[in-house]
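Listed below, chain by chain, are the residues.
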Amino acid sequence: MASSVETFIRSAIGKGVEAVADFNRRRMPTAPHPFLEGIHTPMTEELTIVDLAVTGTIPPALDGRYLRIGPNPIQPDPAGYHWFSGDGMVHGVAVKDGKALWYRNRWIRSRAVGAALGQPAAPGPRHGGFDTVNTNVVEIGGRTWALVEAGSYPVEFDEELGEQTYNPFDDTLQGSFTAHPHRDPLTGEHHAIAYEGTDPTTIRHVVIAPDGKVVREEPIPVEHGPSIHDCAITARFAIILDLPVTFSMKALIGGHRFPYRWNPDHRARVGLLPRAGTAADVIWCDVPTSYVFHVANAYDDDDGRVVLDVCAFETMFDGGGEGPNGRSRGLERWTIDPTTRAVSIRTIDPAPQEFPRPDERRIGQPYRYAYTMALPPEEMDQVIGATQLYKHDLATGTRETHEFGPGRHPGEFVFVPAHEAAGEDEGWLIGLVVDLPHETTDLVIIDARDFTGTPVASIRVPHRIPPGFHGNWLPRG
C-alpha cells in the first residue's frame, strides 16, 4: 500500500504539495518541448469549415461523425508539461450522402480554458476540482461523451460540438471514470476499470446500463496508485491490468504535471473479476514485468481460459517526464488460466505498434481481425513517426501493411462495419493522417478487405491537426 507518510501528504496537506510543485515547476527548463513543437505544435484557434474537399468516393452508407480528441494546451508552457496533461480539444468531421459537411474543433471548456478564452467555463459539476478532459470521445446511451481517466467527470457534447456540459451520467456516477469503457455488444452494458488520482488504494469496476446510467461502482483495493489506462471484458470477467506504472510523489513535488512513473517494486498482475463479483472474488495472476496501455480484445476460450490480446511494452515512463517512453514488445497474446493462475505469453507480431482496434461487435468474444498503428522502430518517445497501419489476421497469423508514404503519419484507425449484418472484416477503417510536409490532415477511409490498396476516400482538412489519442465513428441516429 502507499506509505502512511505519502497518504498523509496527499490527503492532509495537498495544497502545500501543490505549492511546492508550483515552485519547483517554475525552476524547470523552458527549452523546446518535443510534444509542443513540430507535428505536436498546438492549434491556436477554433475553426468551422464546411464542404470539405474529397478525393475518391465516400461510401454512401457512412452517415454520421468521426470525432477524435487529444491534448492541445491553450497556453503552452514547457515547464513540467507532459503530453497526457494538455487541455482537451475535440476534432470532428460530419459525413452524409457522400459529402463531408463540416470540420469543427473545440476546446473542452475547463475552468482554465474558459479563463484563457475570456469565456464561461462549461457548466456542470466537477469531481475533486479536476476538469481537464482529453483522452477519448465515445457514444454511450445515444449521447456523445468526452472522457479522461483518474479525475474529471465526463463532458457531454451536442451534435455539432457547440454545447458541452460536465455530466456524471445524469448524477449516477460517484467517482472518477476512465478513458476506455468497453461496450458488451451482447448486453449493451459498458464496463470500465476506473482509478482516482487522489486515492492510491482503490480502483473501481464501473458498469453503465444501456440507458447510460451507472448501475455499479465496485471498489477493489490496490497498492501504490497504479495507472490503469485500459481494461477488457469477456463473457465471464472484467479484466484488470494492475501493472508497474504508479503514482510518484517525487514526480509530483518535482513539478511534473503527470505524476506517474515506472515502479519496478510494484507487483505486475492481471485480475479476473467476475462481472457481478466483489473484490474478494478477483482472481489475481502474476505476469512478467511489463506495461500495457491498450487491449485489442479478450474472450473465454473453449478450455475455460481467458485470451487477452495486448500491445505490450518492456517499461513505460522510465525515462524523461515529457511523454510516453519505452520499448514496444509488439502485439502479444496473454492466455490466462483462472484455475492455476498461470499466464502464458505468445508474440503475435514483434513489430512496434499501438492503438489496437477490433471490430467492436466482437468485443468480449472470439474474433479474427485486429488493426494497429505502427510505431517508429526505435524506443518510443514521440509516438507519432511511422507511416503504416497493420492488419492482423489472427486465424492465419498473417499481417498486411497499409503504407501512407513519406511524411504522412496516421493515428488510431477505427473499424466501421458496412451494414448491420456485415462480416467481421466487411467495412471500412477510418482515421486521421497528418501530412507533415504540407501541414494538412486527411480523414482517410480504407476498405478493410482491400487493406493495402488505395483508400476509397480522403477528406482534406486544410491544416495540421496535432496528433491526439482516441477517435470513434458515431453513426447518426
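Analysis parameters
Residues numbered from 1 in each chain as written. Predicted model: local features only at pLDDT ≥ 70, side-chain atom pairs only at ≥ 80, totals over all residues. Heavy atoms only, no water. Helix = DSSP H or I, 4+ residues; strand = E, 2+ residues; numbered from the N terminus. Rg over C-alpha atoms; globule rule 2.2 N^0.38 Å. Buried < 20%, exposed > 50% of the residue type's maximum accessible area, 1.4 Å probe, protein only. Contact = heavy atoms within 4.5 Å. Areas by Shrake-Rupley, 256 points an atom, 1.4 Å probe, with all protein chains shown as cover. Lys, Arg positive; Asp, Glu negative; His and termini not counted. Charge placed at Lys NZ, Arg CZ, Asp CG, Glu CD. 1 Å grid on protein atoms, 1.4 Å probe; cavity = no way out; pocket = protein on both sides within 12 Å on 5 of 7 lines; lining within 4 Å. Points joined across faces, edges and corners; volume = space filled by probe spheres on them. Nonpolar A, V, L, I, M, F, W, Y, C, P; charged D, E, K, R; others polar. Salt bridge = Lys/Arg side-chain N within 4 Å of Asp/Glu carboxyl O. Pairing = 2+ DSSP bridges.

A.B. asks: Just to check I follow, could you spell out the overall build of the chain for this structure?
C.D. replies: Scanning the chain from N- to C-terminus turns up four helices and 33 strands. In terms of overall dimensions, the chain is globule-like: its C-alpha atoms have a radius of gyration of 21 Å, near the 23 Å expected for 477 residues. Oriented by its inertia axes, the alpha-carbon framework of the chain measures out at about 60 × 60 × 45 Å. Across the 477 residues that make up the chain, the buried fraction comes to 61%. Sequence separation of 24 or more characterises 60% of the internal contacts of the chain that already satisfy a separation of 6 or more. About 18,300 Å² of surface is accessible on the chain, with carbon and sulfur atoms providing 51% of the total. Here the chain contributes 43 positively and 64 negatively charged side chains, and the mean placements of these two sets differ by 2 Å.

A.B. asks: Help me out: how do you make sense of empty space enclosed by the protein in this one?
C.D. replies: Space left empty within the atom packing is revealed by a probe, the size of a water molecule, rolled over the atoms. Applying the stated criterion across every chain, the model contains four cavities of 30 Å³ or more. If you trace the largest cavity, you find it lined by Arg68, Ile384, His409, Pro410, Gly411, Glu412, Leu432, Val434, Ile465, Pro467, Gly468 and Phe469. Elements supplying a minimum of two residues to the lining of the largest cavity: β28 (408-410) and β30 (427-435). When its residues are assigned to classes, the lining of the largest cavity shows seven nonpolar, three polar and two charged. The space that makes up the second largest cavity amounts to roughly 40 Å³. Those elements that provide at least two residues to the lining of the second largest cavity are β11 (190-196) and β12 (199-208). At four residues, β12 tops the list of elements feeding residues into the lining of the second largest cavity. Split by residue class, the lining of the second largest cavity holds six nonpolar, three polar and three charged.

A.B. asks: Is there a simple way to explain the pattern of salt bridges in this structure?
C.D. replies: It is possible for side chains bearing opposite charge to pair when their charged atoms get close. Tallying each qualifying case throughout the model produces 33 salt bridges. With a closest N to O distance of 3.9 Å, Arg204 and Glu196 form a salt bridge. Judged by relative accessible area, which is 16%, Glu196 ranks as buried. Across the salt bridge formed by Arg408 and Asp435, the nearest N and O atoms sit 3.4 Å from each other. Taken together, the positions of Arg408 in strand β28 and Asp435 in strand β30 put the pair 27 residues apart, joining distant regions of the chain.

A.B. asks: Quick question: what am I supposed to make of unusual backbone geometry here?
C.D. replies: Phi is mostly negative for residues that are not glycine, and the peptide bonds are mostly trans. Phi angles above zero are rare outside glycine, and Asp97 is one such case at about 55°. Looking at the element boundaries, Asp97 is found in the loop between β4 (88-96) and β5 (99-107). Asp97 gets classed as exposed once you look at its relative accessible area, which sits at 60%. Despite not being glycine, Ala150 has its phi angle at roughly 75°, a positive value. Owing to a relative accessible area of 17%, Ala150 belongs among the buried residues under this scheme.

A.B. asks: Looking at this structure, how should I read the sheet that holds strand β18 (residues 269-274)?
C.D. replies: Across the sheet, four strands lie side by side as β14-β15-β18-β19; this open sheet has antiparallel pairing. The open sheet has two edge strands, β14 (232-233) and β19 (283-286), and neither has a second partner. The pairing of β18 with β19 spans four bridges and is antiparallel. By the bridge assignment, Gly271 is partnered in β19 with Trp284.

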